[in-house]
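# What the coordinates show
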Amino acid sequence: MSHQLPSALEHGKELRDKFQQEKALLFLDFDGTLAPIVEHHEDAAISEKMRDLVLRLSKVYPAAVVSGRGMKDVSQRVNIPELYYAGSHGFEISGPGNFLKENDEAQKVLPTFDEIEPLLHEELSDIAGVDFERKKFTLAIHYRKVKEEMTDEVHDRVAASLKDYPDLKKADGKKVIEIRPSIDWHKGKAVEFLKEQLGEKDQNYSVYIGDDVTDEDAFKYVQNGLGILVGDHGHQTSADYSLKNIDEVEQFFRLLLEKQ
Ligand SMILES: O=P(O)(O)OC[C@H]1O[C@H](O[C@H]2O[C@H](CO)[C@@H](O)[C@H](O)[C@H]2O)[C@H](O)[C@@H](O)[C@@H]1O
């Protein structure tokens, strides 16, 4: 839980010195970290203030955005062309100079997504408030607007439908079920892959900032560096520091930019 973690803001100056010394690489989640959580996923937006901070930071620390959103979607929302973007929880990665890397194994699962998506629409059609978001390599089923007493039913029906599809698996996020390929790939592995693209040789100290359970894959997997949890997702965390909310993320970014 995040309240057991030291505050990244309170330790800001020592962290800034460490990041400078280690020439840190910066990995940033989008929803809940750069953009506030909102009722409808299509309305999520990064503020001009935050965009400017991320742009300035990326000139000091090579940076990537690592998101559960589709790669195009998140890159358009952030709209800083100089950055790398890992979308669909890392299954698709883009970067400057038309860099594009899609997970080959996940490509083979695309027809299964096409098959199960209409079935799930049908299966959940009588539950008000369910909202689908298809990303290239993952399918989100949002239940933020579903009545509290019906959310277990959404989980149960999705789990039951997935029994016939061993090449897909279910993961949880904030008021969302994420259906992903049953492949050993996640945000943490995407970060390891991105280190090669972003850093110079031997530059692999990574700072990962995220708010959701799916960011735990990155907190756990990132060996050399540290994780900062934004807010509290209600589960155990492998992060090293915490920030209370997006305002604190902004303050932390400002602090990192001091003395440059
Ligand atoms: O990895 P992230 O960049 O944090 O993306 C995780 C999911 O974020 C989005 O859903 C979440 O944010 C929505 C907008 O605030 C909110 O309405 C929803 O309840 C949250 O789960 C996005 O829509 C998903 O595709 C991402 O996987």
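Residues numbered from 1 in each chain as written. Predicted model: local features only at pLDDT ≥ 70, side-chain atom pairs only at ≥ 80, totals over all residues. Heavy atoms only, no water.

An unreviewed UniProt entry lists the chain under the name Trehalose 6-phosphate phosphatase, with Autumnicola musiva as the source organism. UniProt, in its Function (unreviewed entry) section for the chain, records the words "Removes the phosphate from trehalose 6-phosphate to produce free trehalose." As stated in UniProt under Sequence similarities (unreviewed entry), the record for the chain gives "Belongs to the trehalose phosphatase family." (UniProt positions renumbered as here; feature names shortened; annotations may be inferred.)

As a further point, take the packing of helix H2 (residues 48-60) against helix H9 (residues 246-257). Orientation of H2 relative to H9, taken along the N-to-C sense of each, is 35°, at an axis distance of 10 Å. Remark: the crossing between H2 and H9 carries left-handed chirality. Seen from H2, the contacting residues are Lys49, Met50, Leu53, Val54, Arg56, Leu57 and Val60; seen from H9, they are Ile246, Val249, Glu250, Phe253, Arg254, Leu256 and Leu257. Counted by class, the contact of H2 with H9 contains 10 nonpolar, no polar and four charged residues. (Axes fitted to C-alpha atoms, helices over the stretch in contact; angles between N-to-C directions. Helix = DSSP H or I, 4+ residues; strand = E, 2+ residues; numbered from the N terminus. Left-handed = near helix turned anticlockwise from the far one by under 90°. Contact = heavy atoms within 4.5 Å. Nonpolar A, V, L, I, M, F, W, Y, C, P; charged D, E, K, R; others polar.)

Moving on: the pattern of salt bridges. Considering all chains together, one arrives at 24 salt bridges under this definition. For Glu48, the salt bridge goes to Arg51, with nearest N and O atoms at 2.6 Å. With a gap of three residues between them, Glu48 and Arg51 both fall in helix H2, about one helical turn apart. A residue is classified by how much of its surface remains accessible, and Arg51, at 16% relative accessible area, is buried. As a salt-bridge pair, Lys49 and Glu250 come within 3.4 Å of each other at their nearest N and O atoms. One end of the pair, Lys49, is in helix H2; the other, Glu250, is in helix H9, with 201 residues separating them in the sequence. Glu250 gets classed as buried once you look at its relative accessible area, which sits at 8%. (Salt bridge = Lys/Arg side-chain N within 4 Å of Asp/Glu carboxyl O. Buried < 20%, exposed > 50% of the residue type's maximum accessible area, 1.4 Å probe, protein only.)

Further remarks concern the site of the ligand. Close to the ligand lie 20 residues; Asp29, Val38, Lys174, Glu178 and Lys187 are nearest. Here an oxygen atom of the ligand and a side-chain polar atom of Glu133 are 2.6 Å apart. Between the ligand and Arg144 there is a distance of 2.6 Å, counted from an oxygen atom to a side-chain nitrogen or oxygen. When the ligand sits alone it has 570 Å² of accessible area, and the protein chains cover 99% of it. Counting contributing residues per domain, the shell around the ligand is built from domain 1 (2-103 + 185-257) and domain 2 (106-181), each supplying no fewer than three. (Near = heavy atom within 4 Å. Polar contact = N/O pair within 3.5 Å; in protein donor to acceptor, adjacent residues only side chain to side chain. Areas by Shrake-Rupley, 256 points an atom, 1.4 Å probe, with all protein chains shown as cover. Domains from an automatic or database assignment.)

The domains assigned to the chain are domain 1 (2-103 + 185-257) and domain 2 (106-181). Taking the mean C-alpha position of each, domain 1 and domain 2 sit 26 Å from one another. Contacts between domain 1 and domain 2 engage 22 residues on the former and 18 residues on the latter. In this assembly, domain 1 packs against domain 2 so that about 1,700 Å² is buried in total across both faces, 50% of it on carbon and sulfur atoms. It is Glu39, His41 and Phe91 in domain 1 that bury the most area against domain 2; as a group they hold 29% of the surface buried on that side. At the surface where domain 1 touches domain 2, the tally comes to four salt bridges. Inspection of the domain 1/domain 2 interface yields 11 residue pairs in polar contact (both at pLDDT 80 or more). Here the residues of the side of domain 1 that touches domain 2 are counted per class, giving five nonpolar, nine polar and eight charged. (Buried area = accessible area lost by both parts, 1.4 Å probe.)

Within a sheet, each strand pairs with its neighbour through backbone hydrogen bonds, oriented either parallel or antiparallel. Sheet architecture is open: four strands sit in the order S6-S7-S9-S8, paired in antiparallel fashion. Of all strands in the sheet, those bounded by a partner on one side alone are strand S6 (131-134) and strand S8 (168-173). On average, each strand axis in the sheet is tilted by 20° relative to the strand beside it, whichever way the strands run. Both S6 and strand S7 (residues 139-142) contribute to a ladder of four bridges, which runs antiparallel. Looking at S7, one finds that Arg134 is bridged to Leu139. (Pairing = 2+ DSSP bridges.)

The next thing to look at is the confidence of the model for the chain. Overall, the predicted model of the chain reaches an average pLDDT of 95, with 98% of residues at or above 70. Across the interface, the model reports ipTM at 0.99; the global pTM reads 0.96. (pLDDT = per-residue confidence, 0-100.)

So, about the sheet that holds strand S12 (residues 241-243). Strand order in the open sheet formed by eight strands is S5-S4-S3-S2-S1-S10-S11-S12, with mixed pairing between adjacent strands. Taken across any chain shown, the strands that pair with only one partner, and hence form the sheet edges, are strand S5 (99-102) and S12. Direction aside, neighbouring strands of the sheet carry axes that sit 15° apart on average. Here strand S11 (residues 225-230) pairs with S12 via three bridges, running parallel. Directly across from Val230, in S12, lies its bridge partner Leu243.

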